[in-house]
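# Residue-level structure breakdown
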Amino acid sequence: MALVSRRSTRSESTSITKEDHAGGASRTLLFFRWLVTLEGDQDINEGKGYISIPNISNYIFFLGGRLRTVKGPKPLWLAVLFAIVCPMVLFSIFETHKLWYTKNGYKVLVIFFYYFWVITFIAFIRTATSDPGVLPRNIHLGQLQNNYQIPQEYYNLITLPTHPSVHNDITIKYCPSCRIWRPPRSSHCSTCNICVMVHDHHCIWVNNCIGKRNYRFFLIFLLSAIFSSILLLVNCAVHIARESGGPRDYPMAILLVCYVGLTVWYPATLFTYHIFMAGTQQTTREFLRGIGSKKNPVFHRVVKEKNVFDQGSFLKNLGHLMLEPRGPSFVSAREQHEAGDWRFMNLSPVHSFEKI
Amino acid sequence: MCDSSQKGDHSTSASESALFFNYHEFSFSFYDEIGSEDGMSMPKEHDEDHKLCVTHFPNVYAPRGSAEFQMTRVVRVPRRFDQSRDSLETPQFSTQLPGSEPAAIVGDNGGGGGGFVRCGRYDTGGHVFGCSSVSPLSEHLNAAEVAEVVGRVNEYLRRVEYAVYGWRNLGGVLLDALTGGLWSWAPGPLLRGPVFQESLALEQYVAQLNSPGGLLHERGVSLVLPRRSGCLSLDFVVPRPT
């Protein structure tokens, strides 16, 4: 009895049962699933990616897979969104009109502020909700017997030769959760429960991994956040300079100056850190491994590890990591796939003592 | 990889230089031997020199239970990092026929350049495997043909989207920076034809190989699009060896 009731509540709140699916679920239910896909259903493995990907990951999809986020206890990204939107709203209400009607050419500063703010906002959404470079699952399934048992050899670290111009061999590893031989620089994110290409880190502030396919947006987000903060500061400073009265006449300008003074350091520090990381051809993950993962990487002196990916010069490294092409989405939430696709099957959990 | 004695040889010289092998292969010693009396053999333990070398895998591109899944297997051509400098960043696959890599396991029957020799049955469905790294792909394609196909695929992949300083990528970076990422979200996918022509070229090449009249279609095998396998390996779907 208890089972029955649990099943029915689940189907109402999160997903659609197979019978519904086969018999044509009510349009409302399908619409709600399109709007928000919270959980997958092992029985439904067909249609578009957003219906099946939640089977194997911790992703939640919105608007038919157009946006994604990760299930988590703390929605810190909401705090970041608030920190982005709040100063713009205050500036629009209390400051804009004073600068806009001055005839002194300050309009340009206001326009630039809004432009960079919009870029920051969109880049934040793109970083937080796009595919970081998810790798497909179960591509390298070894065998079917014993519940898809992973062969012993697949637990070895494999050392393979590299081109003579590279000083070191490369080591690759099998991911027992995703059942794939991971390409170099990719790693498994335990929060999202997927493997990500050129994995930099899982960012709790945007609630998404930063990887090959959204590193670009992450950097644009940081850079435009710095620019819009500086322009906000400049706009408020102009207002303060033009006022003849005391601080009582421009409390909001003072508040915003203080706000920018306090917050601009976060994106600025992070952006500088990423310049040094990319310049020494390291991802945050590789850097953390080098210094011991207990420390905060941002405030640690940049140590240059010997790295097979090193291109030889700071600028080349910088260009390579920061301008890296995004490449296609291998596990697309929007693409149709055939029924019973192995990429979306959650095979039995691995009982292993090894750390992934 | 499979044969521990061979592997031992390599590991002693590993400090100097690692040798390439197909890391998808694994070995198994408890299996049904293919003997003279079919169906009568019982699974038994085999020694180091007679371990089965698993060189073909379940076809994860067909749903489980489908006829295609039952009738086909996948031979994986692994990614390789010693053929060119950019293969660390760009997916590049081994151009050698599986079984002829520098550290491949060479079986005692058939010598060096031998074909796929059936030794025993293993795994759900009783699939047939040999004792060497030679895969059933060797029954359909020769070394030159594999080198030609994989070489072309590698070439396309190198050109596709992995050129950091190409105008397509730099233009994309600039437009993304100016629009906060809206460029690649909205018009990017619509302009896939004109802007990302080369990724389509790879898809067309694979489609041509697999379609009637194509080389692979004639030989009864097919190539899985690298996009489908996440460029993790280059997978050939071959008929189930009997």
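By the naming in an unreviewed UniProt entry, chain B goes by Ras modification protein ERF4 and is assigned to Saccharomyces uvarum. Taken verbatim from the UniProt record of chain B, the Subunit (unreviewed entry) comment is "Interacts with ERF2." As recorded by UniProt, the Sequence similarities (unreviewed entry) comment attached to chain B reads in full: "Belongs to the ERF4 family."

For chain A, an unreviewed UniProt entry supplies the name Palmitoyltransferase and the organism Saccharomyces uvarum. We quote the UniProt Subcellular location (unreviewed entry) comment for chain A here in full: "Endoplasmic reticulum membrane". Per UniProt, the comment on chain A under Sequence similarities (unreviewed entry) is "Belongs to the DHHC palmitoyltransferase family. ERF2/ZDHHC9 subfamily."

### Points about the overall build of chain A
Secondary structure assignment for chain A yields 13 helices and 13 strands. Counting over 356 residues, chain A shows a buried share of 52%. Look at the contacts in chain A between residues 6 or more apart in sequence, and 65% of them connect residues 24 or more apart.

### Observations concerning the packing of aromatic side chains
Residues and elements named next belong to chain A. Enumeration over the complete set of coordinates arrives at 25 aromatic pairs over all chains. Considering the side-chain rings of Tyr-59 and Phe-61, the 6.0 Å spacing of their centres and the 50 degrees angle between planes classify their relative orientation as tilted. Each member of the pair Tyr-59 and Phe-61 is classed as buried. Between Phe-116 and Phe-227 the ring centres are 5.1 Å apart and the planes differ by 50 degrees, which places this aromatic pair in the tilted class. Placement of the pair is Phe-116 in helix α7 (residues 107–129) and Phe-227 in helix α9 (residues 215–242), with a sequence separation of 111 residues.

### Let's talk about the interface of chain B and chain A
Tallying the contact residues gives 61 residues for chain B and 61 residues for chain A. Summed over both partners, the interface of chain B with chain A comes to about 5200 Å²; 61% of that surface belongs to carbon and sulfur atoms. The interface formed by chain B and chain A holds 2 salt bridges in total. A salt bridge links Asp176(B) to Arg216(A); the shortest N-O distance between them is 3.3 Å. Inspection of the chain B/chain A interface yields 22 residue pairs in polar contact (both at pLDDT 80 or more). Secondary-structure elements contributing two or more residues to the side of chain B that touches chain A are β1 (26–28), β5 (57–58), α4 (167–179) and α5 (182–185) of chain B. Looking at the side of chain B that touches chain A element by element, the count peaks at 8 residues for α4(B).

### Overview of the UniProt feature "transmembrane region" (unreviewed entry) in chain A
Sequence positions flagged by UniProt for "transmembrane region" (unreviewed entry) are, in local numbering, residues 76–94, 106–125, 217–241 and 253–276 of chain A. End C-alpha to end C-alpha, residues 217–241 of chain A measures 35 Å, and it is 100% helix and 0% strand.

### As for the UniProt feature "domain: Palmitoyltransferase DHHC" (unreviewed entry) in chain A
As recorded in UniProt, the feature "domain: Palmitoyltransferase DHHC" (unreviewed entry) lies at residues 172–289 of chain A. Each end of residues 172–289 of chain A is marked by a C-alpha atom, and these two atoms are 15 Å apart; helix forms 53% of the span and strand 14%.

### Topic: the sheet that holds strand β3 (residues 59–62) of chain A
Residues and elements named next belong to chain A. In space, the 3 strands of this open sheet follow the order β1-β3-β4, with antiparallel pairing throughout. Bordering the open sheet on either side are β1 (36–37) and β4 (67–70), each of which pairs with just one other strand. Summarising the sheet, β1 and β3 pair through 2 bridges and their orientation is antiparallel. Opposite Thr-37, over in β3, you have Phe-61 as the bridge partner.

### Quick notes on a nonpolar patch on the surface
Together, Val108(A), Phe112(A), Tyr115(A), Leu174(B), Leu175(B) and Leu178(B) give the surface a local cluster of nonpolar side chains, amounting to about 530 Å² of exposed area. Along the polypeptide, Phe112(A) turns up in helix α7.

### Remarks on the pattern of salt bridges
All names here are of chain B. Going through the model one piece at a time under the given rule, you end up with 13 salt bridges over all chains. Close ionic contact of Arg-80 with Asp-82 constitutes a salt bridge, the shortest N to O distance being 2.7 Å. On the basis of relative accessible area, Arg-80 is assigned to the buried category, the value being 7%. Since its relative accessible area comes to 19%, Asp-82 is described here as buried. Here Glu-155 ties to Arg-158 by a salt bridge, and the two come within 3.0 Å at their closest N and O atoms. Of the two residues, Glu-155 and Arg-158 both sit in helix α3 (residues 143–159), 3 residues apart, roughly one turn of that helix. Of the residues examined, Glu-155 reaches a relative accessible area of 34% and is grouped as partly exposed. Looking at Arg-158, the relative accessible area reads 31%, which means it is partly exposed.

### Notes on the state of the cysteines
In the structure shown here, the tally under the stated rule is 0 disulfides over all chains. Unpaired in this structure, Cys189(A) has its nearest cysteine sulfur neighbour in Cys209(A), at a distance of 3.3 Å.

### Section: the side chain of Asp341(A)
Of note, Asp341(A) is situated in the segment after β13 (336–337). Judged by its relative accessible area of 1%, Asp341(A) is buried. Among the polar contacts made by the side chain of Asp341(A), one reaches the side chain of Arg343(A) at a distance of 2.9 Å. In terms of polar contacts, Asp341(A) uses its side chain to reach the side chain of Arg228(B), at 3.3 Å. For Asp341(A), the residues in contact, after removing those within four places along its chain, are Asn45(A) and Arg228(B).

Cut-offs and rules
- Residues numbered from 1 in each chain as written.
- Chains lettered and ligands numbered in written order.
- Predicted model: local features only at pLDDT ≥ 70, side-chain atom pairs only at ≥ 80, totals over all residues.
- Heavy atoms only, no water.
- UniProt positions renumbered as here; feature names shortened; annotations may be inferred.
- Helix = DSSP H or I, 4+ residues; strand = E, 2+ residues; numbered from the N terminus.
- Buried < 20%, exposed > 50% of the residue type's maximum accessible area, 1.4 Å probe, protein only.
- Contact = heavy atoms within 4.5 Å.
- Phe/Tyr/Trp six-rings, centres within 6.5 Å; stacked < 30°, edge-to-face > 60°.
- Buried area = accessible area lost by both parts, 1.4 Å probe.
- Salt bridge = Lys/Arg side-chain N within 4 Å of Asp/Glu carboxyl O.
- Polar contact = N/O pair within 3.5 Å; in protein donor to acceptor, adjacent residues only side chain to side chain.
- Pairing = 2+ DSSP bridges.
- Patch = residues over 30% accessible without salt bridge, like charges linked within 9 Å, V, L, I, M, F, W, Y side chains within 5 Å.
- Areas by Shrake-Rupley, 256 points an atom, 1.4 Å probe, with all protein chains shown as cover.
- Disulfide = S-S within 2.5 Å.

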